[in-house]
Amino acid sequence: MASRSTQILEAAARVIARRGVRGLRVEELAAEAGVSTALIYYHFKDRNGILLKTLEFINDRAERYTTERDPDAPPLSPREELEHTLLLELQDTTEVRENSSAWGELRASAVFDDVLREDLTRATLVWVQEVAALLGQVRPMAPAVALAGAAERLTALLEGLSMRWLSGTLQISHARALMSEGIEAEVERLGRRP
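Since the structure is predicted, the reported quantities are computational estimates derived from the model, not experimental observations. (Residues numbered from 1 in each chain as written. Predicted model: local features only at pLDDT ≥ 70, side-chain atom pairs only at ≥ 80, totals over all residues. Heavy atoms only, no water.)

1. Comments concerning the overall build of the protein
Inference 1: What the protein contains, in helices and strands, is nine helices and zero strands.
Inference 2: Tracing the protein from N to C terminus, the helices and strands come up as α-α-α-α-α-α-α-α-α.
Inference 3: Taking 16 Å as the expected radius of gyration for a compact globule of 194 residues, we find that the protein reaches 18 Å, a close match to that expectation.
Inference 4: Overall, the protein is about 60 × 40 × 30 Å in size when its C-alpha atoms are taken along their principal axes.
Inference 5: Among the 194 residues that make up the protein, the fraction classed as buried is 41%.
Inference 6: A separation threshold of at least 6 residues defines the contact pool for the protein, and within that pool the share at least 24 residues apart is 67%.
Inference 7: Carbon and sulfur atoms form 54% of the exposed surface of the protein, whose accessible area is close to 10,700 Å².
Inference 8: The protein carries 24 positive and 30 negative side-chain charges, and their two centres are separated by 4 Å. (Helix = DSSP H or I, 4+ residues; strand = E, 2+ residues; numbered from the N terminus. Rg over C-alpha atoms; globule rule 2.2 N^0.38 Å. Buried < 20%, exposed > 50% of the residue type's maximum accessible area, 1.4 Å probe, protein only. Contact = heavy atoms within 4.5 Å. Areas by Shrake-Rupley, 256 points an atom, 1.4 Å probe, with all protein chains shown as cover. Lys, Arg positive; Asp, Glu negative; His and termini not counted. Charge placed at Lys NZ, Arg CZ, Asp CG, Glu CD.)

In structure tokens form, the structure reads like this:
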């Protein structure tokens, strides 16, 4: 059984995905989580605390669903691992839709919120570093600066494709195909000699 704070964070991700950051009301969050508003304030102190912890929660959840593997499945090559990990961010499941929508909302709100911007910057940096490490497995001779640049482009592409998919302006199959093409282009670029 999930802890009360996890239960509240799951509800916060749902509410933010459904109504946006500006639509997040503690009373609605309490009703969604099935807890009292006092319990929410006990765990998170204030609205900003809820937002920061929700950002952390959705990052942890994305980490889980992009790295979980069937223990009986054959191991993936580094190239397959890279593509598999990135494409798991474009799957039509409730969890991924909520995560991607909430991430987009929190990112948009960070434009106006310095504290949220700091945490989002850190979370984005970690994500870029993780993708750069995957790229480094594919192209071990590529310079670190090239790996970082490729990871920046791929994560930005993924965020853009995700928002277009979620807003209904792009079919998920097309978004996945475009992401695969972007991965291929970056891997090829990294393989070229300077």
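That covers the picture; the talk isn't over yet.
2. Points about the layout of surface pockets
Inference 1: The volume enclosed by the largest pocket comes to roughly 670 Å³.
Inference 2: Those elements giving two or more residues to the lining of the largest pocket turn out to be helix H4 (47-67), helix H5 (78-87), helix H6 (94-109), helix H7 (114-138) and helix H8 (144-166).
Inference 3: Looking at the lining of the largest pocket residue by residue, the classes come out as 14 nonpolar, seven polar and 10 charged. (1 Å grid on protein atoms, 1.4 Å probe; cavity = no way out; pocket = protein on both sides within 12 Å on 5 of 7 lines; lining within 4 Å. Points joined across faces, edges and corners; volume = space filled by probe spheres on them. Nonpolar A, V, L, I, M, F, W, Y, C, P; charged D, E, K, R; others polar.)

3. Describing the nonpolar core
Inference 1: Core analysis: the largest hydrophobic core is formed by 29 residues, its most contacted members being Leu29, Ile40, Ile50 and Ile58.
Inference 2: Of all the secondary-structure elements, those providing two or more residues to this core are helix H1 (4-19), helix H2 (26-33), helix H3 (37-44), H4, H6 and H7.
Inference 3: Here the element with the most residues in this core is H1; it accounts for seven residues.
Inference 4: In terms of nonpolar packing, the next biggest core, distinct from the first, is built from 28 residues, Leu82, Leu161, Met179 and Val187 among them. (Core = buried A, V, L, I, M, F, W, Y, C linked by side-chain atoms within 4.5 Å.)

4. A closer look at the side chain of glutamate 186
Inference 1: Topologically, glutamate 186 is positioned in helix H9 (residues 172-191).
Inference 2: Given the relative accessible area of 8%, glutamate 186 is considered buried.
Inference 3: If we skip the residues at most four places from it in the chain, glutamate 186 touches Ala150, Arg153 and Leu154.

5. Details of the packing of H5 against H9
Inference 1: It is at 10 Å that the axes of H5 and H9 come closest, and there the two elements cross at 145°. Classified by chirality, the crossing of H9 by H5 is right-handed. Between H5 and H9, the residues in contact are Arg79, Leu82, Glu83, Leu86 and Leu87 and Arg176, Met179, Ser180, Ile183, Glu184 and Val187, respectively.
Inference 2: Taken together, the residues that form the contact of H5 with H9 break down as six nonpolar, one polar and four charged. (Axes fitted to C-alpha atoms, helices over the stretch in contact; angles between N-to-C directions. Left-handed = near helix turned anticlockwise from the far one by under 90°.)

Read these as layout, nothing more, since geometry by itself doesn't imply function.
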